[in-house]
Amino acid sequence: MGAEVRVGPLSDFPDGGLTGVAVGGHRFIVGREGDEVHVARNRCPHLGFSLTRGPGGLRYEDGIVQCPWHNSRFDVATGVNLDWATGFAGRPMPKWSRSVIALGRKPRGLDMLPSTVRDGDVYVVVETGT
């Protein structure tokens with residue numbers, strides 16, 4: 001069972017941009033394209049670090065967010081992982097070192113959440129107890 005949480009007014013999220021927000025003890029990223037929004041937990045599935053803050057800084061372009069910690073890239077609309085652990089602290093690393101950076105973890109996508117825009121506000125459904 002999920003609970004609906006108001007994330008904020010649509011106008012708080014720039015068109016074509018990605019914004020990190022904290023609401024009710026949850027951290028989200030909100031990607032916006034026109035009137036459509038996509039919401040995921042603001043944590044990389046590799047080690048759980050923020051996707052909006054880190055040594056590599058926020059990197060978001062054409063609907064793709066890049067982890068500022070180990071450079072994995074994710075499609076914000078689908079959550080799909082496009083590549084896995086290609087660097088460290090925002091810097092690219094040689095292909096041979098990727099398994100070391102990955103720390104034995106298998107590639108995973110973002111934790112996407114159902115979201116809607118209603119009456120000019122963005123809402124997301126979170127599982128109760130998470």
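In this report, the structure presented in the accompanying data block is examined. None of these values were measured; they are calculated from a predicted model.

How each quantity is defined
Residues numbered from 1 in each chain as written. Predicted model: local features only at pLDDT ≥ 70, side-chain atom pairs only at ≥ 80, totals over all residues. Heavy atoms only, no water. Patch = residues over 30% accessible without salt bridge, like charges linked within 9 Å, V, L, I, M, F, W, Y side chains within 5 Å. Areas by Shrake-Rupley, 256 points an atom, 1.4 Å probe, with all protein chains shown as cover. Salt bridge = Lys/Arg side-chain N within 4 Å of Asp/Glu carboxyl O. Helix = DSSP H or I, 4+ residues; strand = E, 2+ residues; numbered from the N terminus. Buried < 20%, exposed > 50% of the residue type's maximum accessible area, 1.4 Å probe, protein only. Contact = heavy atoms within 4.5 Å. Phe/Tyr/Trp six-rings, centres within 6.5 Å; stacked < 30°, edge-to-face > 60°. Lys NZ or Arg CZ within 6 Å of the ring centre and 35° of its normal. Pairing = 2+ DSSP bridges. Axes fitted to C-alpha atoms, helices over the stretch in contact; angles between N-to-C directions. Core = buried A, V, L, I, M, F, W, Y, C linked by side-chain atoms within 4.5 Å.

Observations concerning a nonpolar patch on the surface
- A grouping of Leu47, Phe49, Trp69 and Leu103 is seen on the molecular surface, where their side chains present a nonpolar patch of about 360 Å² in accessible area.
- Residue placement: leucine 103 occurs in the loop between helix H1 (98–102) and strand S11 (112–113).
- In this structure leucine 103 comes out as exposed when scored by relative accessible area, which is 56%.

Points about the environment of glycine 16
- Among the structural elements, glycine 16 can be located in the loop between strand S1 (2–9) and strand S2 (18–23).
- Sequence separation of glycine 16 and glutamate 61 is 45 residues, and the distance between their C-alpha atoms is 8.1 Å.
- If we ignore the near neighbours within four places in the chain, the residues touching glycine 16 are Arg32, Glu33 and Tyr60.

Focus on the packing of aromatic side chains
- Per the counting criterion, the structure on display carries one aromatic pair.
- Ring plane angle 45 degrees and centroid distance 4.8 Å describe the contact between phenylalanine 49 and tryptophan 69, whose orientation is recorded as tilted. With phenylalanine 49 in the loop between strand S4 (36–41) and strand S5 (59–61) and tryptophan 69 in the loop between strand S6 (64–66) and strand S7 (73–75), this residue pair connects regions lying 20 residues apart in the sequence.
- The exposure class assigned to tryptophan 69 is partly exposed, which follows from its relative accessible area of 30%.
- Here the basic side chain of arginine 118 rests over the ring of tyrosine 123, its NZ or CZ set 4.2 Å away from the ring centre.

Observations concerning the sheet that holds S11
- Pairing is antiparallel in the open sheet, where four strands are placed in the order S2-S3-S4-S11. Of all the strands in the sheet, the pair left with one neighbour each is S2 and S11.
- As paired elements, strand S3 (residues 26–33) and S4 share six bridges and run antiparallel to each other. What sits directly across from valine 30, in S4, is valine 39.

A short note on the sheet that holds S6
- The antiparallel open sheet is built from four strands, whose spatial order is S5-S6-S7-S8. Pairing within the sheet leaves two strands with one partner each, and these edge strands are S5 and strand S8 (81–83). In this sheet, neighbouring strand axes are inclined to one another by 25 degrees on average, regardless of whether the strands run parallel or antiparallel.
- Of the pairings in the sheet, the one linking S6 to S7 comprises three bridges and is antiparallel in character. Within S7, the residue paired with glutamine 66 across the bridge is arginine 73.

Quick notes on the environment of alanine 89
- One can find alanine 89 in the loop between strand S9 (87–88) and strand S10 (91–92).
- As a C-alpha pair, alanine 89 and glycine 56 span 33 residues in sequence and 5.7 Å in three-dimensional space.

Remarks on the nonpolar core
- Counting residues in hydrophobic clusters, the biggest one holds 15 residues, and the most contacted among them are Leu18, Ile29, Leu51, Val65, Phe74 and Leu110.
- Leave out the neighbours within four places in its chain, and isoleucine 29 touches Leu18, Thr19, Gly20, His38, Val39, Ala40, Arg41, Asn42, Leu51, Thr52 and Leu110.
- If you look at the next biggest cluster of nonpolar residues, it comprises 14 residues, including Val7, Phe13, Val23 and Val37.

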